[in-house]
Amino acid sequence: WQWVGLFAAALAALSPQEERQAIGAVRRPMCEAIVDEMHIEIAKHTLRKDGEDDVWETVPAICLAIVQNYTLVRTAPPSRGWLLDKR
C-alpha cells in the first residue's frame, strides 16, 4: 500500500478509524488513477518500444503525478465520506 504514503499529511490528522475509512473509500479510485497516470507516461515517452524495464522506471514519475494531480477530500455532511479529487 505504498500509495497510502502519498497522502500521509492528509491522513496524519485523522483518528485510526477515520484513516481506515478514507483508505477504504479511495482504494479503487487510487488504483484507477495510478493506471491512468501510467498510461499517460507510457504514451508520452513511447516506453513500450524497449520493453518492460522502461515502464518500471517511470514509477517515480507516476507517484509524482499522483501527488501533484490528486487530492484526498472530505465530503460535506451528512455523508462525511472521502473522495479522490483530480485537479
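See the structure above.
Residues numbered from 1 in each chain as written. Predicted model: local features only at pLDDT ≥ 70, side-chain atom pairs only at ≥ 80, totals over all residues. Heavy atoms only, no water.

> How should the pattern of salt bridges be read in this particular structure?
A side chain with one charge may pair with a side chain of the opposite charge, provided their charged atoms come close. Within this structure, the stated rule accounts for four salt bridges. A salt bridge links R74 to E18, with the shortest nitrogen-to-oxygen separation between them at 3.4 Å. Taken together, the residues span a long stretch of sequence, with R74 in strand β1 (residues 70-74) and E18 in helix α2 (residues 16-44) at a distance of 56 residues. Judged by its relative accessible area of 25%, R74 falls in the partly exposed class. Here K86 and E37 are joined by a salt bridge, their closest N and O atoms 4.0 Å apart. (Salt bridge = Lys/Arg side-chain N within 4 Å of Asp/Glu carboxyl O. Helix = DSSP H or I, 4+ residues; strand = E, 2+ residues; numbered from the N terminus. Buried < 20%, exposed > 50% of the residue type's maximum accessible area, 1.4 Å probe, protein only.)

> Would you mind showing me how to read unusual backbone geometry here?
Across the chain, the bulk of peptide bonds are trans and the bulk of non-glycine residues have phi less than zero. Here the residue pair P77 and P78 is connected by a cis peptide bond, since its omega of 10° sits within 30 degrees of zero. Along the chain, P78 turns up in the loop between β1 and β2 (82-86).

> Even after reading the chapter, I still don't get the nonpolar core, so can you show me in this structure?
Looking at soluble globular proteins, one finds that nonpolar side chains tend to be buried together. Within the largest apolar cluster, 12 residues are counted, these being L11, L14, A22, I23, V26, M30, A33, I66, Y70, L72, W82 and L84. Elements represented by at least two residues in this core include exactly α2, β1 and β2. (Core = buried A, V, L, I, M, F, W, Y, C linked by side-chain atoms within 4.5 Å.)

> Just to check I follow, could you spell out the side chain of T75 for this structure?
Here T75 is to be found in the loop between β1 and β2. A residue is classified by how much of its surface remains accessible, and T75, at 17% relative accessible area, is buried. A distance of 3.3 Å separates polar atoms of two side chains, one belonging to T75 and the other to S79. For T75, the side chain forms a polar contact with the main-chain nitrogen of G81, separated by 2.5 Å. The residues contacting T75, other than those within four sequence positions of it, are R80, G81, W82 and L83. (Polar contact = N/O pair within 3.5 Å; in protein donor to acceptor, adjacent residues only side chain to side chain. Contact = heavy atoms within 4.5 Å.)

> Would you mind showing me how to read helix α4 (residues 59-69) here?
The periodicity of an α-helix, 3.6 residues per turn, causes residues three or four places apart in sequence to face the same way. Buried within α4 are the following residues: I62, A65 and I66. The arc that holds every buried residue of α4, seen down its axis, measures 100°, which confines them to one face. On its buried face, α4 is in contact with α2 and β1. (Arc of directions from axis to C-beta.)

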